[in-house]
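Summary of structural features
For reference, the chains in residue letters:
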Amino acid sequence: MSPPDATLISRIRVHASERPDQPALADNRETLSWRTFDAESNHIAHALIREGTEPGDRIAVIGDSSVRTALITIGILKAGATHVPVPTMLAADAIDRIVADSGSKIVFASKKFEALARTVSDTVGGRIVSIDFDAPQWTTLHEFLDDAPTSPLRSEPAPDDEFNIIYSSGTTGTPKGIVISHAMRAKAALDFGAVSFPPGARTLVTTALYSNWTMGALIYTLWAGGTLRFLGKFSPAALTQTVADFEPHNVFLVPVQIDRLLGDPTLTKPIESLPPAMKWSAGSYLAPDAKAQLLSQWAGGLTEIYGMTEGAPFTMLRADEFPDKLNTVGRANPPEDVKIIDEDDQELPVGKRGEIVGRVRSVMKSYNNNPIATDALIWRDSDGNDWFRSGDIGLLDTDGFLQVTDRKKDMIISGGFNIYASDLELVLLSHPDVSEAAVFGVPSPKWGETPAAAIVLNKGATVSESDLLHWTNERLGKLQRLCGLVLIDELPRGSLEKILKRELRDTYTHLSDRS
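In this report, we go over the structure that sits alongside the text. (Residues numbered from 1 in each chain as written. Predicted model: local features only at pLDDT ≥ 70, side-chain atom pairs only at ≥ 80, totals over all residues. Heavy atoms only, no water.)

Details of the sheet that holds strand 25 (residues 448-457)
Each strand in a sheet pairs with another by means of backbone hydrogen bonds, the pair being arranged parallel or else antiparallel. One open sheet holds the three strands; their spatial order is 24-25-26, and the pairing between them is mixed. Across the chains shown, the open sheet's two edge strands, defined by having one partner strand only, are strand 24 (434-444) and strand 26 (485-487). Averaged over all pairs of adjacent strands, the angle between their axes in this sheet comes to 20 degrees, without regard to strand direction. Across three bridges, the pairing between strand 25 and strand 26 is parallel. Each residue of the ladder has a partner; that of I455, found in strand 26, is L487. (Pairing = 2+ DSSP bridges. Helix = DSSP H or I, 4+ residues; strand = E, 2+ residues; numbered from the N terminus. Axes fitted to C-alpha atoms, helices over the stretch in contact; angles between N-to-C directions.)

Below is the structure:
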């Protein structure tokens, strides 16, 4: 089946019939067969409909990465409702705004996030369903399900219906609700399936289920009639042991996890001994050296994804097939496309750095309740075609491979000159005592803004802030020099372990006093 005829829900029905006893979902506590998975998600859907849920209603989930949370996700979709996964790393007031913006009628919550659920209780009129704990003022999942049937639903969502709203928890700005259709999810499942999701594929996921990266892994695996395994709390030891036991076809990771894996000398199961698997990396920049090391130590291939939840731009690098392109994030697959534009919205030639824009066959429906942001996302070429702006800075090489060099909002404009944060971070990371570096702009009465940095040192390193600042500024151009830096224990991170530079700017604005 292919869009527009198929949806994930129709695929689940087929697989439950064809492979009822094979495992569909697993975590550290339970494994569900396809038969049980189908029946229990039907159970949830019928209970939602009995409680008055209608097609197009929004239902929020403040859940952990587990079989139960995945079941609820599919149950919501089977009821014809829109799934709203809440990014739990945000502050409570931001989460309350997300639930309000989505118009969610009910919230499902895991015990781990009970406190966050309390902050949104009034917003949804107390309609909280506690997934795995008892709270006197709320309904437990067991009570919510009660005598609802487990029989198949009479109707299924249409391809153009809303699938979910992913609230971006990126490095800048207020989260926006990205409305995604069943058709967009189906198209992605078919495209990724052609790369590494054969029928019955096994997938290991290591990140939060509210992230689009994890959601994609769930969808692609279920579409293929495979088995998805949630790792739980990440550690290099937990990952390697689970890979050895589960033998996945695909392992979904983010760069910070790959760096931890490659840098852990204590593993009882060395990377070289692991069964072959396709490693998938996304969310932020993965250094070429890390790509090369992972390829040399762990068989099975490496695919790096660059893209936006909105759908475009999108590129893919099969690092094992293009080992001479590890400094890139791959290229678009026709009819998808990527271009580079300047500050005047004019297209730039190969090798010139500017904002990355892209187009693909299937993109988001819109930003929820935000037509201004939806319109601002669009760049139109000379033929009137719509492209999506990425907010990233990059360039294309002569083979069409894309290099991403910076976030547009990480571009610091000091005295009218552009300073790219990534250029400064590379200098800082070349210091033998520096483990991680984040450069960000802070206000400056003299220059408008000026660069500053937050640094995490290697364990046991003793270099001082003043000595590191002096060492760095000696190696930078006059216009690039840091006004100051701070040494901290860890960088603030959000979804997919992206560094929250907004938080660094807010916290360390005082560094500009040194400029």
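Examining the side chain of S66
As for its position among the elements, S66 is in the loop between strand 3 (58-62) and helix 3 (67-78). When its relative accessible area of 2% is taken as the criterion, S66 is described as buried. In this structure the side chain of S66 is engaged in a polar contact, spanning 3.2 Å, whose partner is the side chain of T69. S66 has contacts with D27, R29 and F230, leaving out every residue within four places of it along the chain. (Buried < 20%, exposed > 50% of the residue type's maximum accessible area, 1.4 Å probe, protein only. Polar contact = N/O pair within 3.5 Å; in protein donor to acceptor, adjacent residues only side chain to side chain. Contact = heavy atoms within 4.5 Å.)

Here's the deal with the environment of A201
Within the fold, A201 resides in the loop between helix 7 (182-196) and strand 10 (202-205). Taking the C-alpha atoms as reference points, A201 and T374, separated by 173 residues in sequence, lie 36 Å from one another. Look past the residues within four positions of A201 in its chain and what remains in contact with it is T221, G226, T227, H249 and N250.

Brief notes about the packing of aromatic side chains
All chains considered together, the criterion is met by 13 aromatic pairs. Summarising the aromatic geometry, the rings of F192 and Y220 are spaced 4.3 Å apart at their centres and angled 10 degrees between planes, so their arrangement reads as stacked. Of the two residues, F192 is situated in helix 7 and Y220 in helix 8 (residues 212-223); the sequence distance between them amounts to 28 residues. By the burial criterion, F192 is buried, and Y220 matches it. Both rings, one in W213 and one in F252, keep their centres 4.6 Å apart while their planes meet at 45 degrees; by these two values the pair is tilted. A residue pair is termed long-range when its members are at least 10 positions apart, and W213 in helix 8 and F252 in strand 12 (residues 250-253) qualify at 39 residues. In terms of burial, W213 and F252 fall into one category: buried. Following the ring pairs from residue to residue traces out a cluster consisting of F192, F197, W213, Y220, F252, W280 and F314. Sitting over the face of the ring of W138, R118 holds its NZ or CZ atom 5.0 Å from the ring centroid. Stacked on the ring of Y420, the Lys or Arg R353 has its end atom at 3.6 Å from the ring centre. (Phe/Tyr/Trp six-rings, centres within 6.5 Å; stacked < 30°, edge-to-face > 60°. Lys NZ or Arg CZ within 6 Å of the ring centre and 35° of its normal.)

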